Amino acid sequence: MEGGLWLRLYNAGGSEVIAVVRDRYRNLVFSTALNGGFKECSFLLSCNLETAFDWYENRLAWRIQIMDEGGEVVWDGRIEEMEIVAWGLRITARGYFSNCYDVPYNGTFNADQHANTIISTIIPASCLHLAADYSQIQDPGIVMGTAAVPLVYADNMYPGDIFDKLAEVGDSSNNPWHWYVYDGKVLQFKSRATTVNWE
């Protein structure tokens, strides 16, 4: 266990924990960023060849979490790349922000919609790995799709690219906005803090 951290693997549907890894991994690295939230995670998993092929063949896109020693989630995402090596597997996972780049959005928007309505429309259509929880998608108070604030949109844009454009617009006070996905697979769209408390 590196630094008190351990790994939790879920089944394909993400509803049941099927494995806990406490001491068979090394070189664990994970990151977060805005926009996006939890970004990339990579580690080496020590296992025999049979287990390596089982993961390699069956566990792409399965959910994996990194937990701290108190049982809190510090990273949450899905397995996206695996490489079989001499002593097991080299695994790369990405946070659920990456689901926003899986399937282009082909729908249309009515004029005069707010960003929170647009995002809440896109998620169930193109981001099926995200939670159907829109409570953290706030309204910046700007009507999109007007002459003053055009929504630049083209067919087959990925949801993440659309969310980036909405975040760039910000709000009527010119505050920057961000979108991100952390634990729980819930997308959040909020104003970035304009002050910092260094305590």
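Quick look at the structure, then. Predicted model, so just to flag it, every value in this text is computed and none were measured.

### Brief notes about the side chain of Arg 8
Within the fold, Arg 8 resides in strand E1 (residues 6–10). Buried within the structure, Arg 8 lacks any salt-bridge partner; its nearest side chain of opposite charge belongs to Asp 76, at an N-O separation of 7.7 Å. A distance of 3.4 Å separates the side chain of Arg 8 from the side chain of Tyr 10, its partner in a polar contact. Within the structure, Arg 8 has its side chain in polar contact with the side chain of Gln 65 (distance 2.7 Å). Among residues more than four places away in sequence, those in contact with Arg 8 are Val 17, Ala 19, Arg 63, Ile 64, Gln 65, Met 67 and Val 73.

### Considerations on a nonpolar patch on the surface
There is a patch of nonpolar side chains on the surface, built from Leu 49, Phe 53 and Tyr 56 and spanning about 300 Å² of accessible area. Mapped onto the elements, Leu 49 comes out in helix H1 (residues 49–58). Classification of Leu 49 as exposed rests on a relative accessible area of 54%.

### Describing the packing of aromatic side chains
Counted under the stated rule, the structure contains 8 aromatic pairs. Aromatic side chains Phe 38 and Tyr 182 sit 4.8 Å apart centroid to centroid with 70° between the ring planes, which places their arrangement in the edge-to-face category. A residue pair is termed long-range when its members are at least 10 positions apart, and Phe 38 in strand E4 (residues 36–46) and Tyr 182 in the loop between strand E10 (177–181) and strand E11 (187–191) qualify at 144 residues. Judged by relative accessible area, which is 23%, Tyr 182 ranks as partly exposed.

### A short note on the nonpolar core
Counting residues in hydrophobic clusters, the biggest one holds 25 residues, and the most contacted among them are Ile 119, Ile 123, Leu 130, Phe 163, Leu 166, Leu 187 and Phe 189. When residues of this core are traced back to their parent elements, those giving at least two are helix H2 (115–126), helix H3 (159–169), E10 and E11. The residues touching Ile 119, leaving out its near neighbours within four places in the chain, are Ile 137, Phe 163, Leu 166, Leu 187 and Phe 189. The next biggest cluster of nonpolar side chains, apart from the first, holds 23 residues, and it includes Phe 38, Cys 41, Cys 47 and Ile 66.

### Remarks on the pairing of E4
Each regular strand carries side chains that alternate between the two faces of the sheet. As paired elements, strand E3 (residues 25–33) and E4 share 6 bridges and run antiparallel to each other. When the bridges of E4 are listed, Thr 32 appears paired with Phe 38. In sequence, E3 turns back onto E4 through a hairpin of 2 residues. Across 2 bridges, the pairing between E4 and E10 is parallel. The residue of E10 that forms the bridge with Gly 36 is Tyr 180. Here E4 pairs with strand E7 (residues 88–95) via 7 bridges, running antiparallel. Its bridge partner being in E7, Phe 43 is matched across the sheet by Ile 91.

### Quick look at H2
The end-to-end C-alpha separation of H2 is 16 Å, in line with the 16 Å expected for 12 residues at 1.5 Å each. Listed as buried for H2 are Ala 115, Asn 116, Ile 118, Ile 119, Ile 122, Ile 123 and Ser 126. Projected onto a plane normal to the axis of H2, the buried residues spread over an arc of 155° and lie on a single side. At its buried positions, H2 is contacted by strand E8 (113–114), strand E9 (143–144), H3 and E11.

### Topic: the state of the cysteines
One pass over the full model with this rule turns up 0 disulfides. We note that Cys 127 lacks a disulfide partner, and the nearest cysteine sulfur, in Cys 100, lies 4.0 Å from it.

Reading the values: the criteria
Residues numbered from 1 in each chain as written. Predicted model: local features only at pLDDT ≥ 70, side-chain atom pairs only at ≥ 80, totals over all residues. Heavy atoms only, no water. Helix = DSSP H or I, 4+ residues; strand = E, 2+ residues; numbered from the N terminus. Buried < 20%, exposed > 50% of the residue type's maximum accessible area, 1.4 Å probe, protein only. Lys, Arg positive; Asp, Glu negative; His and termini not counted. Salt bridge = Lys/Arg side-chain N within 4 Å of Asp/Glu carboxyl O. Polar contact = N/O pair within 3.5 Å; in protein donor to acceptor, adjacent residues only side chain to side chain. Contact = heavy atoms within 4.5 Å. Patch = residues over 30% accessible without salt bridge, like charges linked within 9 Å, V, L, I, M, F, W, Y side chains within 5 Å. Areas by Shrake-Rupley, 256 points an atom, 1.4 Å probe, with all protein chains shown as cover. Phe/Tyr/Trp six-rings, centres within 6.5 Å; stacked < 30°, edge-to-face > 60°. Core = buried A, V, L, I, M, F, W, Y, C linked by side-chain atoms within 4.5 Å. Pairing = 2+ DSSP bridges. Expected span 1.5 Å × (residues − 1). Arc of directions from axis to C-beta. Disulfide = S-S within 2.5 Å.

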